[in-house]
Amino acid sequence: MHEPGQFEQLLNAYVDGELSAQQRGQLDVHLRQDERLAERFRGFLSVEGLLRTRYTEGGPAGSEVLTAIRAAERQATGQAVLRRIDATQRGRLPAAASRARARQVRLPPAPHRGRSWWVTVAVAAVLLVLATVTIERIGRVKVGAPEPAAAVGWVARVVHVTGGAFATDGGGRRQLRGGEELGAGTRLETAADAGTVTIECRGGTRFGLGAAGALRLLSEAGTADRSAVFVERGLLSAEVGARAPDRALLASSPHVDVRVLGTRFSLRVGAESTRVDVERGCVHVTDRVRRTSTTLEPGRFAVAGARAHAAASPDYGGRATDGLLAFYTFEEDSGPHVYDNAWAEPALDLRIPERAPVRRLPGGGLALTSPALIASDGPATKIIDACRAANELTVEAWVRPAERQAEPAETGRIVTLSRDADFSNFRLEQGQSLGGFRVRLRTSQTNLSGTPGVSATPWPFDGQLVHLAYCRDARGQARFYLNGRNATRTKRGDADPERVVDHELVPGDFSAWADGLRLGLGNEFTGRRSWLGEYFLVAVYSRALREDEVRQNHAAGPPRRPTAEASAR
């Protein structure tokens, strides 16, 4: 019978890939029999993933700091940290101790009472707080190995290898060969040029890892038929056969956890985010930082990471998507964000101020009941750069204006890319003095606020749902559509006084657009230009939609068609 300390050494050795196949089998037997030991092992592996993600190759991975964090966090108690500090003060743990000794040090008895004991306690408390904050900060920026990480006993077989592909386990690092069997804990890497590898797991699941990829094979403790994989980087494609709910496949990256019952999907893992695409079946995706979840169906995707979030890509339902830069559907149930669902990096999420007078609508939608500004935290750079390059713009919205506005004498901002009332790149607004809607667009031949602007047909504040689309092309022709119909106020052509044209001319180009401006909804950034009503969709394109595309988007409707009951005030 082995002592507990020996099993702890086995756990540490497994995490570092230092066990032989025989030792892994020995550990697997005890993990099956001892749930407490299995739970501790899962904690070890989760912390190791965090550290590997934070301290990449070329960084301080071999430093004493990393060793100390590993040792302290794996013990995971204040008492363990206190004892380690005391051992260091007594000379039992040299400052330059090796990583192995840091793990295996025998902890001394608790120190005697006295002045040195209180000093030790104070130092321990401070270091414990710092260690906790450090690990928490690491988790927020880039989360590591999956929380339900796990154990041994799962085997995969190499089906196909091209280019350079390598495996690292208890036997060291070696080049992969076709037909080779891989144990749980094995780490796979592919060369950056043309390396790929395909493996088949028990139960028939197949994984394909693309060039410059890295993953680790895992399994739940004591369940050889419940496979799992952690993808560090690169493109992973998966073909998963049908599974029972209690035998779901678990796939993770530093940013997401994916639970699969049978499907074809892929993970594309980068330094800042992970994208999950579903080709067949459905998967459940959890954002590991924000702890939000969504279910993806065929043809849908989700993105999660430092600059994105795990929200399912919208079902565009036949909408025009070419040139789509920002897309807000207001389907969030709670929280301070309105997420940008356009697949144009980086995501330009909007923030709702704390205690703002807003109300989430059943079935989707956001109501502004009193003046408030919902805006991006930083500049809308992707919109500014793309539109300036194309000299084209479309601003689209599904809204329901409130019957009474807070400032009827002013023009309220539905959508604005601006700094203040006199300095903007564009703004979509509504006002009683206008009798309807207007867009002011800044060009090289207008003033700083975009005057003159293009107005649409008068529209009273009567609480009706309306679809708005303003489209300006590179020739300077601007059209304003209401509910799919061109409602631009027409004018007679200069050459032929009898000819009526269907657009306004907004001359110039977008070279005068200012950098550093933020995108906002519901008000101007300096206030006193509030708009009240309900939002169901806002979209910005870097091109002018054609009239048939505007009609197509109008026919598609908002993401979730609002009803009178859903938006009852």
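Residues numbered from 1 in each chain as written. Predicted model: local features only at pLDDT ≥ 70, side-chain atom pairs only at ≥ 80, totals over all residues. Heavy atoms only, no water.

## Remarks on helix H8 (residues 381-390)
Move 1: All of the buried residues in H8 are Lys-382, Ile-383, Ile-384 and Cys-387.
Move 2: Where H8 is buried, its residues meet strand S16 (324-328), strand S22 (393-401), strand S23 (411-420), strand S24 (423-431), strand S33 (518-521) and strand S34 (533-541).
Move 3: Where H8 ends, the next residue or the one after it, Asn-391, has phi of about 60 degrees, a positive value. (Buried < 20%, exposed > 50% of the residue type's maximum accessible area, 1.4 Å probe, protein only. Helix = DSSP H or I, 4+ residues; strand = E, 2+ residues; numbered from the N terminus. Contact = heavy atoms within 4.5 Å.)

## Quick notes on the pattern of salt bridges
Move 1: Evaluated as defined, the whole model comprises 33 salt bridges.
Move 2: With its nearest N and O atoms 2.6 Å apart, the salt bridge here joins Lys-382 to Asp-340. Highlighted residues: Lys-382 in helix H8 and Asp-340 in the loop between strand S17 (337-338) and strand S18 (350-351), separated in sequence by 42 residues. Just as Lys-382 is buried, Asp-340 falls in that class too.
Move 3: Through salt bridges with shared partners, a single ionic network connects Arg-173, Arg-187, Glu-189, Glu-232 and Arg-233. (Salt bridge = Lys/Arg side-chain N within 4 Å of Asp/Glu carboxyl O.)

## Focus: the sheet that holds S17
Two pairing modes exist for strands in a sheet, parallel and antiparallel, and in both the strands are linked by backbone hydrogen bonds.
Move 1: With antiparallel pairing, eight strands are arranged side by side in an open sheet as S17-S18-S21-S33-S23-S24-S25-S26. Among the strands making up the open sheet, the edge pair consists of S17 and strand S26 (454-455). (Pairing = 2+ DSSP bridges.)

## Focus on the pairing of strand S25 (residues 436-441)
Move 1: Where burial is concerned, most of S25 is hidden: six out of the six residues are buried.
Move 2: Strand direction decides the pairing type here: S24 and S25, joined by six bridges, are antiparallel. Counterpart to Gln-430 in the pairing with S25 is Phe-437.
Move 3: From the end of S24 to the start of S25, which pair antiparallel, there are four residues, and Gly-435 there has a positive phi angle of about 75 degrees.
Move 4: For S25 and S26, the ladder comprises two bridges, and the chain directions are antiparallel. Opposite Val-439, over in S26, you have Val-454 as the bridge partner.

## Focus on the packing of aromatic side chains
Move 1: Summed over the entire model, instances satisfying the criterion amount to five aromatic pairs.
Move 2: An angle of 75 degrees between the planes, with centres 6.3 Å apart, marks the rings of Tyr-470 and Phe-480 as edge-to-face. Pair noted here: Tyr-470 is in strand S27 (residues 466-472) and Phe-480 is in strand S28 (residues 477-482), with a separation of 10 residues, a long-range link.
Move 3: The exposure class assigned to Tyr-470 is buried, which follows from its relative accessible area of 1%.
Move 4: Feature note: the residues Phe-330, Trp-531 and Tyr-535 constitute an aromatic cluster, connected by ring pairs.
Move 5: The positively charged end of Arg-419 is found above the aromatic ring belonging to Phe-423, 4.0 Å away from the centroid.
Move 6: Taking NZ or CZ as reference, Arg-442 lies 4.6 Å from the ring centre of Phe-423, over its face. (Phe/Tyr/Trp six-rings, centres within 6.5 Å; stacked < 30°, edge-to-face > 60°. Lys NZ or Arg CZ within 6 Å of the ring centre and 35° of its normal.)

## Focus: the side chain of Arg-288
Move 1: For Arg-288, the position within the fold is in the loop between strand S12 (273-287) and strand S13 (293-296).
Move 2: Looking at Arg-288, the relative accessible area reads 5%, which means it is buried.
Move 3: Only 3.5 Å separates the side chain of Arg-288 from the backbone oxygen of Ser-253, close enough to count as a polar contact. (Polar contact = N/O pair within 3.5 Å; in protein donor to acceptor, adjacent residues only side chain to side chain.)

## What to know about the side chain of Ser-376
Move 1: By the element assignment, Ser-376 lies in strand S21 (residues 374-376).
Move 2: Exposure remark for Ser-376: the relative accessible area of 1% places this residue in the buried category.
Move 3: At a separation of 2.8 Å, a polar atom in the side chain of Ser-376 contacts the main-chain carbonyl oxygen of Gly-378.
Move 4: Apart from the residues lying within four places of it in its own chain, the contact partners of Ser-376 are Leu-348, Asp-349, Leu-350, Arg-518 and Leu-519.

## Concerning the nonpolar core
Move 1: Core analysis: the largest hydrophobic core is formed by 51 residues, its most contacted members being Ile-383, Phe-426, Phe-480 and Leu-519.
Move 2: Ranked by the residues each element gives to this core, the list is headed by S22, at four residues. (Core = buried A, V, L, I, M, F, W, Y, C linked by side-chain atoms within 4.5 Å.)

## A look at helix H9 (residues 547-556)
Move 1: Within H9, burial applies to Glu-549, Val-550 and Asn-553. On an axial view of H9, the arc spanned by its buried residues comes to 105 degrees, and they lie on one face.
Move 2: Looking at the buried positions of H9, the neighbouring elements they touch are S22, S27, S28 and S34.
Move 3: Count one or two residues on from H9 and you reach Gly-557, which has phi positive near 75 degrees. (Arc of directions from axis to C-beta.)

## Let's talk about the pairing of S33
Move 1: With two bridges joining them, S21 and S33 adopt antiparallel strand pairing. Directly across from Ala-375, in S33, lies its bridge partner Gly-520.
Move 2: Inspection of the sheet shows S23 paired to S33 by four bridges, in the antiparallel sense. Bridge assignment links Val-415 to a residue of S33, and that residue is Leu-521.

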